[in-house]
Amino acid sequence: MVDGHMQIGEVAERTDLSLRTIRYYEEVGLVVPSARSQGGFRLYTEADLQRLAVIKRMKPLGFQLEEMRELLELLSRDTTELTGREQERLRDFRHKADEQCDRLRTRLRTAEEFAETLHKRLAD
């Protein structure tokens, strides 16, 4: 890290995202490097890493790109600054996340039950 900035390789390592994924998120406008080096390399800050972490947590919940953009914008602002419509939208996103978490828990239980079946079979 130089002057509070990191190159994309360090960002990939720290976020456990591939270089390709980070570049894709930049291409679709979900994240923008805070700066560029004199050589044109992307430079990121801790705030950029936090944004990527939020994106990474949204991905398994099935949010579409446009929803991610909207949600990132809403999350970047103080809750007290949100209009009634924006607060309602945030509640909609929360509801969607809760529903998807329930679906994922169900899938995980099913997978764990199957794994247990294999364990029992091999214990015979």
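This text gives an overview of the structure that appears in the document. (Residues numbered from 1 in each chain as written. Predicted model: local features only at pLDDT ≥ 70, side-chain atom pairs only at ≥ 80, totals over all residues. Heavy atoms only, no water.)

1. Observations concerning the overall build of the protein chain
Turning to step 1, where the next piece is worked out: The secondary structure content of the protein chain amounts to five helices and three strands.
Turning to step 2, where the next piece is worked out: Reading the secondary structure of the protein chain in the N-to-C direction produces β-α-α-β-β-α-α-α.
Turning to step 3, where the next piece is worked out: In terms of overall dimensions, the protein chain is more spread out than a globule: its C-alpha atoms have a radius of gyration of 19 Å, far above the 14 Å expected for 124 residues.
Turning to step 4, where the next piece is worked out: For the C-alpha atoms alone, the extent of the protein chain along its principal axes is close to 65 × 40 × 20 Å.
Turning to step 5, where the next piece is worked out: Counting over 124 residues, the protein chain shows a buried share of 27%.
Turning to step 6, where the next piece is worked out: Relative to all contacts within the protein chain whose residues are 6 or more apart in sequence, the contacts with residues 24 or more apart total 47%. (Helix = DSSP H or I, 4+ residues; strand = E, 2+ residues; numbered from the N terminus. Rg over C-alpha atoms; globule rule 2.2 N^0.38 Å. Buried < 20%, exposed > 50% of the residue type's maximum accessible area, 1.4 Å probe, protein only. Contact = heavy atoms within 4.5 Å.)

2. As for the pattern of salt bridges
Turning to step 1, where the next piece is worked out: In this structure the tally under the stated criterion is 11 salt bridges.
Turning to step 2, where the next piece is worked out: The closest approach of N and O atoms between R42 and E26, which form a salt bridge, is 2.4 Å. Of this pair, R42 sits in strand β3 (residues 42-44) while E26 sits in helix α2 (residues 19-27), and the two are 16 residues apart along the sequence.
Turning to step 3, where the next piece is worked out: Residue classification places R42 among the partly exposed residues on the basis of a relative accessible area of 21%.
Turning to step 4, where the next piece is worked out: Its salt-bridge partner being E67, residue K96 comes within 2.7 Å of it at the nearest N-O pair. Of the two residues, K96 sits in helix α5 (residues 84-123) while E67 sits in helix α4 (residues 65-75), which places them 29 residues apart along the sequence. (Salt bridge = Lys/Arg side-chain N within 4 Å of Asp/Glu carboxyl O.)

3. Looking at the sheet that holds strand β1 (residues 6-7)
Turning to step 1, where the next piece is worked out: On the basis of which strands lie adjacent, the open sheet formed by three strands has the order β1-β3-β2 and antiparallel pairing. Two strands bound the open sheet, and with one partner strand each, they are β1 and β2 (35-36).
Turning to step 2, where the next piece is worked out: Two strands pair when backbone bridges link them, and β1 and β3 are joined in this way by two bridges, in the antiparallel orientation. Paired with M6 across the bridge in β3 is Y44. (Pairing = 2+ DSSP bridges.)

4. What to know about the side chain of Q100
Turning to step 1, where the next piece is worked out: Tracing the backbone shows Q100 in helix α5.
Turning to step 2, where the next piece is worked out: Using a relative accessible area of 19% as the deciding quantity, one classes Q100 as buried.
Turning to step 3, where the next piece is worked out: Beyond its immediate stretch of four places on either side in the chain, Q100 contacts P60 and L61.

5. Observations concerning the packing of aromatic side chains
Turning to step 1, where the next piece is worked out: Using the criterion set out here, one finds two aromatic pairs in the structure.
Turning to step 2, where the next piece is worked out: Seen in terms of ring centroids, Y24 and Y25 are 6.1 Å apart; in terms of plane orientation they differ by 50°. Their pairing is tilted.
Turning to step 3, where the next piece is worked out: Their ring planes at 65° and their centres at 5.7 Å tell us that F63 and F93 sit as a pair that is edge-to-face. Here the residue F63 occupies a position in the loop between α3 (46-58) and α4, and F93 occupies one in helix α5, the gap between them amounting to 30 residues. As far as burial versus exposure is concerned, F63 and F93 are alike and both buried. (Phe/Tyr/Trp six-rings, centres within 6.5 Å; stacked < 30°, edge-to-face > 60°.)

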